[in-house]
Amino acid sequence: PLKQIDTGSFHAAALTRDGKCLIWGKGSLGRLGLGNELDQLVPTIIEMELGKIQVEFDQEDDGGLRVTGPDRVAKNTTDKRAFMLDDIILSIQHVDVSQSDDDAYAYELLAGPVGTMARVSLRRKVKDEEYPDDEPTEVDLVLFIERINLEDLEDEEEEEGEH
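Residues numbered from 1 in each chain as written. Predicted model: local features only at pLDDT ≥ 70, side-chain atom pairs only at ≥ 80, totals over all residues. Heavy atoms only, no water.

Some words on the overall build of the chain
At step 1: Scanning the chain from N- to C-terminus turns up two helices and 12 strands.
At step 2: What you see in the chain, going N to C, is helices and strands ordered as β-β-β-β-β-β-β-β-β-α-β-β-β-α.
At step 3: Expressed as a percentage of contacts within the chain between residues at least 6 apart in sequence, the contacts between residues at least 24 apart total 43%.
At step 4: Here the chain displays about 11200 Å² of accessible surface, and carbon together with sulfur accounts for 48% of that area. (Helix = DSSP H or I, 4+ residues; strand = E, 2+ residues; numbered from the N terminus. Contact = heavy atoms within 4.5 Å. Areas by Shrake-Rupley, 256 points an atom, 1.4 Å probe, with all protein chains shown as cover.)

This is how it looks when you write it as structure tokens:
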């Protein structure tokens, strides 16, 4: 069964419920991503490794998703390519999740091919370095976070723990 389908002028793509990507249509200029320029008259599976974003979040009482982990997520960082604890996720891939109560859907939006980027807009409390005693102000940021194979990351962590 199909989960999603999208079409262009000369090609189409579909995503199955079990995560397979099907593509068909005019293949000139390599537009189908199959490594050739052949037209595909029937849906063809694109082989790809799917990745995820390493993040955990909880639903807020007033709606929205607050970043709660993993433990490695920084409490304070200037790195705008990483989540911080207590970030409030507003949208993922241009889909508004600020009032979402469905975190499974948010995790789904974060998934995609390994090595590609997920676009996440969020609200973060930031301290002014010139006035460190002042209360933090809220700023809206857009992060582009790389999708990774979490199983590979877990294997690396286990190897580090053995040393």
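A word on the packing of aromatic side chains
At step 1: All chains considered together, the criterion is met by one aromatic pair.
At step 2: Here F57 and Y107 contribute two aromatic rings whose centre-to-centre distance is 4.3 Å and whose plane-to-plane angle is 15°, an arrangement assigned as stacked. Linking F57 in strand β6 (residues 56-59) with Y107 in helix α1 (residues 103-110), this pair joins segments that are 50 residues apart in sequence.
At step 3: Classification of F57 by relative accessible area gives buried; the value is 4%. (Phe/Tyr/Trp six-rings, centres within 6.5 Å; stacked < 30°, edge-to-face > 60°. Buried < 20%, exposed > 50% of the residue type's maximum accessible area, 1.4 Å probe, protein only.)

Thoughts on a nonpolar patch on the surface
At step 1: Residues M117, V142 and F144 make up a contiguous nonpolar surface patch of about 270 Å² in total accessible area.
At step 2: Owing to a relative accessible area of 42%, M117 belongs among the partly exposed residues under this scheme. (Patch = residues over 30% accessible without salt bridge, like charges linked within 9 Å, V, L, I, M, F, W, Y side chains within 5 Å. Salt bridge = Lys/Arg side-chain N within 4 Å of Asp/Glu carboxyl O.)

Thoughts on the pairing of strand β11 (residues 117-126)
At step 1: Pairing geometry for strand β8 (residues 88-92) and β11, over four bridges, is antiparallel. Residue S91 lies in a different strand from β11, and its bridge partner there is S121.
At step 2: As paired strands, β11 and strand β12 (residues 137-146) are joined by 10 bridges and run antiparallel to one another. Each bridged residue has a counterpart across the sheet, and for V126 the counterpart in β12 is T137. (Pairing = 2+ DSSP bridges.)

With respect to the nonpolar core
At step 1: Formed by 18 residues in total, the largest nonpolar core has its most connected members in I53, V55, F57, F83, I89, I92 and L110.
At step 2: At the level of secondary structure, the elements contributing two or more residues to this core comprise β7 (65-69), β8, α1, β11 and β12.
At step 3: In this structure V55 touches V67, G69, P70, F83, Y107 and L110, once residues within four positions along its chain are discounted. (Core = buried A, V, L, I, M, F, W, Y, C linked by side-chain atoms within 4.5 Å.)

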